[in-house]
Amino acid sequence: MLYATALEEHLKVFVRSKINKQFENQPALKRQYFDNKNSIDTIREKRMLNGSVYYFRSIGQSALSSRSVVARNIFLMKLNL
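Position numbers for residues start from 1 in each chain and track the written sequence from start to end. Local features are withheld for residues below a pLDDT of 70 in this predicted model, meaning they are given only at 70 or higher, and side-chain atom pairs are given and counted only at 80 or more; totals for whole chains, interfaces and linings count all residues. To get the side-chain values, all heavy atoms of the structure are used, and hydrogens and water are removed first.

Caption draft 1: Quick look at the overall build of the protein chain. The helix count covers DSSP runs of H or I at least four residues long, the strand count covers runs of E at least two residues long, and both are numbered beginning at the N terminus. Each helix and strand counted, the protein chain has 2 helices and 5 strands in total. Listed N to C, the secondary structure of the protein chain is β-α-α-β-β-β-β in terms of helices and strands. Looking at the protein chain residue by residue over its 81 residues, the buried ones come to 25%. Here a residue-residue contact requires only that any non-hydrogen atoms of the pair lie within 4.5 Å. Long-range contacts, defined here as pairs at least 24 residues apart, represent 50% of the contacts in the protein chain between residues at least 6 apart. Reported accessibility uses the Shrake-Rupley method at a 1.4 Å probe radius. Residues are deemed covered only where the shown protein chains occlude them. Looking at the protein chain as shown, the accessible area adds up to about 5,900 Å², and 51% of this sits on carbon and sulfur atoms. Summary of the burial criterion: residues with accessible area below 20% of their type's maximum are buried, those above 50% are exposed, and those between are partly exposed, where the area comes from a 1.4 Å probe applied to protein chains only.

Following this line, the structure appears as structure tokens:
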């Protein structure tokens, strides 16, 4: 799955405040999905022990710039500035 935002700063805020917060608040959940050897837990990628992979990217102002990224689902974050 790919979650895309327009700006890198929006991406960082979203991952830290929404995604990472869920795992920080529930340590048992984090242990179930992440370990130090077989998973990835970064701002741009979450690769979980069950095989799920989540990519987080900033793609600028056009959804067309995400064309080179392979993903089963793409979610675009709409911002009203």
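What follows continues from the structure just given.
Caption draft 2: The arrangement of the side chain of Asn20 in detail. Mapped onto the fold, Asn20 is located in helix α1 (residues 8-25). By relative accessible area, Asn20 is classed as buried at 17%. Not counting the four nearest positions on each side in its chain, Asn20 is found in contact with Val15, Asp41, Ile43 and Lys46.

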